Structures are given as structure tokens and as C-alpha cells.
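Chain by chain, the residues:
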Amino acid sequence: MTSDPWFEILSRASPNRPEPLDDLINEGRDTKPIGKVVFPNMRLAPSLMLWDREPGGPVHIGVRVHEPPETPYRVARLLAAAALEREVFPVILSRVDYCGLERFGFRVERIPEEQAAAQAAEEEIRKYWDLAIIIDGHEIGLLS
């Protein structure tokens, strides 16, 4: 990812939130719950050779999210600043259906809630993205 999208995230990260129109449209009707992730239980991991990597490409880091941050715009600003400064590409590993960072354009990978399935999913995603490190999202929240 070039630096331009990171500048866009920094410029539009705001505490303002869009109005939830679904509540107005579905008034009086039960809404369907957002789907849960079903991660396949596989013995074989896909080969990294299936995906070409650019030499000298960005370093990917994982950010584990167990619950949506109270101020996703602050976390988005911190991640975008880190992406610019350290030339890293954050990949969000979310155990919730909507963590709030999607609206800023971050890559969000859904992780199942069950512990064993979550570990398997994280390991698979770590291999796919070649994640240098995975940090807990609440640690980022402590900085803001």
C-alpha cells in the first residue's frame, strides 16, 4: 500500500459516526444476526509459494481485536501513523463481527471466538500474510 491511503486515513479519522439507517428501516422487525465465521479445520497449510511476494514489500503486522475499541478513530490514527513511520502494513485480526476499523479501510480478517479455532485461524493468517508480529489491540488503546 502506498503512503497516500495512510494520509487519507489520518485526514478522515474522526469521532463522528454515520447514522445507523438499518434501525430506521427495520423498525419493529427483528434483524438477522451478523454471521459467524466458520473456519475450516485443515491439516495442510497452503503453501506460501501460491502467493507471489514482492521483494522488499511491506512488512505486515497483526493487531488482535477481542472487542471493538471505544475510540476506533484514535486507533486508526495510531495505526496509520505507524504504517507511515515504520513502513508496516497492519492487518486486523478481529474476533467480533464489526470492530470499527473497517470504515477506515484497514484489512480486517475475521477470527472465530472459540479458542482452538481462533489459534488455528491466526496461525493460518500469520502464514498467509507473513506477519512479523501480532500485538493485542487493547495495548494500542492504552496509548490513546
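Keep in mind that this is a model prediction, so the values were computed, not measured. (Residues numbered from 1 in each chain as written. Predicted model: local features only at pLDDT ≥ 70, side-chain atom pairs only at ≥ 80, totals over all residues. Heavy atoms only, no water.)

**Observations regarding the pattern of salt bridges**
Tallying each qualifying case throughout the model produces 6 salt bridges. Salt-bridge contacts for Glu 122 lead to Arg 64; the nearest nitrogen and oxygen are separated by 2.8 Å. With Glu 122 in helix H4 (residues 115-129) and Arg 64 in strand S1 (residues 59-65), this pair connects stretches of sequence that are 58 residues apart. Each member of the pair, Glu 122 as well as Arg 64, carries the same accessibility label: buried. Measuring nitrogen to oxygen at the nearest pair gives 3.0 Å for the salt bridge that ties Glu 102 to Arg 110. Through salt bridges with shared partners, one network takes in Arg 64, Arg 95, Glu 122 and Asp 136. (Salt bridge = Lys/Arg side-chain N within 4 Å of Asp/Glu carboxyl O. Helix = DSSP H or I, 4+ residues; strand = E, 2+ residues; numbered from the N terminus. Buried < 20%, exposed > 50% of the residue type's maximum accessible area, 1.4 Å probe, protein only.)

**A word on unusual backbone geometry**
For Glu 87, which is not glycine, the phi dihedral falls at a positive 55 degrees. Topologically, Glu 87 is positioned in the loop between helix H3 (72-86) and strand S2 (88-94). Residue Asp 130 is not a glycine yet carries a positive backbone phi of 55 degrees. With respect to the helices and strands, the residue Asp 130 is situated in the loop between H4 and strand S4 (131-136).

**Quick word on H3**
Look at H3: 21 Å from first C-alpha to last across 15 residues, which is about the 21 Å you get at 1.5 Å a residue. By the burial criterion, the buried members of H3 are Pro 72, Tyr 73, Val 75, Ala 76, Leu 79, Ala 80 and Ala 83. Projected down its long axis, H3 carries its buried residues within an arc of 155 degrees, all on one side. Turned more than 90 degrees off the buried face of H3, the exposed positions are Glu 85 and Arg 86. (Expected span 1.5 Å × (residues − 1). Arc of directions from axis to C-beta.)

**A look at the sheet that holds S1**
The 4 strands lie next to each other as S3-S2-S1-S4, forming an open sheet whose pairing is parallel. Edge strands, defined here as strands with exactly one partner in the open sheet, are strand S3 (107-110) and S4. Strand-to-strand twist across the sheet, computed as the mean angle between neighbouring axes with direction ignored, equals 25 degrees. Across 4 bridges, the pairing between S2 and S3 is parallel. Considered in S3, the bridge of Ser 94 is made with Arg 110. Of the strands in this sheet, S1 and S2 are in contact with H3, which crosses S2 at around 145 degrees. Docked against the sheet, H4 engages S1, S2, S3 and S4, running at close to 140 degrees with respect to S4. (Pairing = 2+ DSSP bridges. Axes fitted to C-alpha atoms, helices over the stretch in contact; angles between N-to-C directions. Contact = heavy atoms within 4.5 Å.)

Geometric descriptors of this kind do not, in isolation, establish any biological role.
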